[in-house]
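A closer look at the structure
Listed here are the chains, written in short residue letters.
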Amino acid sequence: MALLETDAVAVRFGGNVVLDNVSISVEPGRVTGLIGPNGAGKTTLFNIVTGLLAPTHGRVLVDGADVTSLPPYKRAHRGLARTFQRLEPFVSLSVRDNVRVAGQIRNAWRRAGRIDLDKETDRVLELVGLAGVAGRDVAELPTGQARLVELGRALMTGPGVLLLDEPASGQTEQETEAFGRLLRRLASRDGIAICLVEHDVGLVMDVCSMIYVLDYGKVIASGPPEAVRADPAVIDAYLGSAEEGAA
């Protein structure tokens, strides 16, 4: 059963249709890709899912429950976590404190099952590969590592659903390979339902078991990587130029 679903979600600003009846499913233990050209509506869909934007019509369901009317913090309480395309670290704090603060917030809203902050912070830092720079100010980090800080913060909330918006942007080739291995581990070992928006086609094809392709706010294709890669509509709208640019 899907942990996250959007059901015929539409967004219109005046006469401008940003999303047009978009339905996707994100299952536990899998990485689901959401790809398409710039302006296709991918980040808008994330904003709908997390409650930053209300749909014109349609529903968002988390673990089968309709959360469309809930504010962002209540969706977070239900296990939604997200990173953003634009980095938003706490630049005055260390790497460790950036991650730890998310655990403090998690403990504040939970009445039961609170975590040991220091132990969980150490575990997450080791998991995402930041244990060696835990004491550094986050402002000193290169972009690739700063994105891992944001991933670590999201993981500290104990998510069931993890939304990642361009997480590999700014990473080196080696960092992206390690990041792909991490995503597969989070899905397969920890059972997290991951939805990945990413322009690195190689990464998407490598880690995703299901891919949705958006173009002009519509889902033009969906399926496993091999089917999506061979779809003429996807090649024409996105993959042709994306793969040529990555070559």
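Residues numbered from 1 in each chain as written. Predicted model: local features only at pLDDT ≥ 70, side-chain atom pairs only at ≥ 80, totals over all residues. Heavy atoms only, no water.

With respect to the packing of helix 4 (residues 117-128) against helix 5 (residues 143-155)
To keep it simple, the criterion reads: In this description, a line fitted to the C-alpha atoms serves as the axis of each element, helices being fitted only across the stretch in contact, and the angle between N-to-C directions of two axes falls anywhere from 0 to 180 degrees. Each helix is a run of DSSP H or I of at least 4 residues and each strand a run of E of at least 2, with the numbering of both proceeding from the N terminus. Here roughly perpendicular refers to angles of 65 to 115 degrees, roughly parallel to angles under 35, roughly antiparallel to angles over 145, and oblique to all remaining angles. Crossing handedness follows the turn of the near helix against the far one: under a right angle anticlockwise gives a left-handed crossing, and clockwise gives a right-handed one. By the convention used here, residues are in contact when the closest approach between their heavy atoms is within 4.5 Å. Side-chain classes are defined by residue name, with Ala, Val, Leu, Ile, Met, Phe, Trp, Tyr, Cys and Pro counting as nonpolar, Asp, Glu, Lys and Arg as charged, and the others, Gly among them, as polar.
As a packed pair, helix 4 and helix 5 sit with axes 10 Å apart at the nearest point and diverge in direction by 140 degrees. Taken together, the axes of helix 4 and helix 5 are oblique relative to one another. Considering only the axes of helix 4 and helix 5, their crossing is right-handed. Contacts between helix 4 and helix 5 involve V124, L127 and V128 from the first element and L148, L151, G152 and L155 from the second. Tallied by class, the residues present in the contact of helix 4 with helix 5 amount to 6 nonpolar, 1 polar and no charged.

As for the nonpolar core
Filter applied, for reference: In this description, a nonpolar core means a group of buried Ala, Val, Leu, Ile, Met, Phe, Trp, Tyr and Cys residues linked to one another through side-chain atoms lying within 4.5 Å. Only protein chains enter the calculation, and the probe is 1.4 Å; a residue is then buried if its accessible area is under 20% of its type maximum, exposed if over 50%, and partly exposed in between. Domain ranges listed in this record stem from an automatic or a database domain assignment.
Counting residues in hydrophobic clusters, the biggest one holds 47 residues, and the most contacted among them are L151, L155, L162 and I194. Two domains each put at least three residues into this core: domain 1 (1-79 + 159-246) and domain 2 (88-158). Excluding its chain neighbours within four sequence positions, the residues that come into contact with L162 are A81, L151, A154, L155, L186, I192, A193, I194 and C195. Formed by 28 residues, the second largest nonpolar core is a distinct cluster that contains L4, L34, L45 and V62.

Focus: helix 4
Helical geometry: 3.6 residues make up each α-helical turn, so side chains three or four residues apart lie on a common side. Filter applied, for reference: In a helix, the anticipated span is given by 1.5 Å times the number of residues less one. Arc, as used here, means the arc of the directions from the helix axis to the C-beta atoms. Counting of polar contacts relies on pairs of N or O atoms within 3.5 Å, with two restrictions inside protein: one atom must be capable of donating a hydrogen and the other of accepting it, and residues adjacent in sequence are counted only when both atoms are side-chain atoms.
Compared with the 16 Å implied by 1.5 Å per residue over 12 residues, the 16 Å span of helix 4 between its first and last C-alpha is a close match. Three or more residues of helix 4 are buried, namely L117, E120, T121, V124, L125, L127 and V128. Buried residues along helix 4 cover an arc of 160 degrees about the axis, so they all sit on one side. Those residues of helix 4 that are exposed and angled more than 90 degrees off the buried face are K119 and E126. Where the residues of helix 4 are buried, they touch helix 3 (95-109), helix 5 and helix 6 (173-188). With a side-chain oxygen positioned 3.2 Å from the backbone nitrogen of D118, the residue opening helix 4 is D116. In the segment just after helix 4, G129 is the residue with positive phi, at about 85 degrees.

Observations concerning the packing of helix 3 against helix 5
Helix 5 packs onto helix 3 with a crossing angle of 20 degrees between their chain directions and a minimal axis gap of 8 Å. Relative to helix 5, the element helix 3 is oriented roughly parallel. Along this stretch, helix 3 crosses helix 5, giving a crossing that reads as right-handed. Side by side, helix 3 and helix 5 meet where V95, N98, V99, A102 and R106 of the first sit next to V149, G152, R153 and L155 of the second.

Some details on the domain arrangement of the chain
Just so we agree on the cut-off: Summed over both partners, buried area is the accessible surface (1.4 Å probe) that two parts give up on being assembled. Think of a salt bridge as a Lys or Arg side-chain nitrogen and an Asp or Glu carboxyl oxygen that are within 4 Å of each other.
Taken domain by domain, the chain comprises domain 1 (1-79 + 159-246) and domain 2 (88-158). On a C-alpha basis, the centres of domain 1 and domain 2 stand 24 Å from each other. On the side of domain 2, 13 residues touch domain 1, which itself brings 17 residues to the contact. Looking at the side of domain 1 facing domain 2, the largest losses of area belong to H77, P159 and L182, adding up to 37% of the total buried there. Taken together, the links from domain 1 to domain 2 amount to 0 salt bridges.

Topic: helix 1 (residues 42-50)
Across the 9 residues of helix 1, 8 count as buried, placing the element largely inside the fold. For helix 1, every residue scored as buried is listed here: K42, T44, L45, F46, N47, I48, V49 and T50.

Quick look at empty space enclosed by the protein
For clarity, the cut-off: The pocket and cavity definitions rest on a 1 Å grid over protein atoms only: a 1.4 Å probe that fits but cannot leave marks a cavity, an open set with protein on both sides within 12 Å along at least five of seven lines marks a pocket, and residues lining either have an atom within 4 Å of a point. Grid points are joined across faces, edges and corners, and a volume is the space filled by probe spheres set on the points.
On inspection of all chains with the given rule, the structure shows 1 cavity of 30 Å³ or more. Counted as a void, the largest cavity has a volume near 50 Å³. Around the largest cavity, the lining residues are T83, F84, L87, R147, E150, L151, D165, P167 and F179. Here the residues of the lining of the largest cavity are counted per class, giving 5 nonpolar, 1 polar and 3 charged. Taken together, domain 1 (1-79 + 159-246) and domain 2 (88-158) each give at least three residues to the lining of the largest cavity, which thus spans both.

What about the environment of I194?
Looking at the secondary structure, you find I194 in strand 8 (residues 193-197). Once the C-alpha coordinates of I194 and E27 are considered, the two residues, 167 residues apart in sequence, prove to be 7.8 Å apart. Those residues in contact with I194, other than ones at most four positions away along the chain, are V26, R30, V31, T32, L162, L164, L183, L186 and A187.

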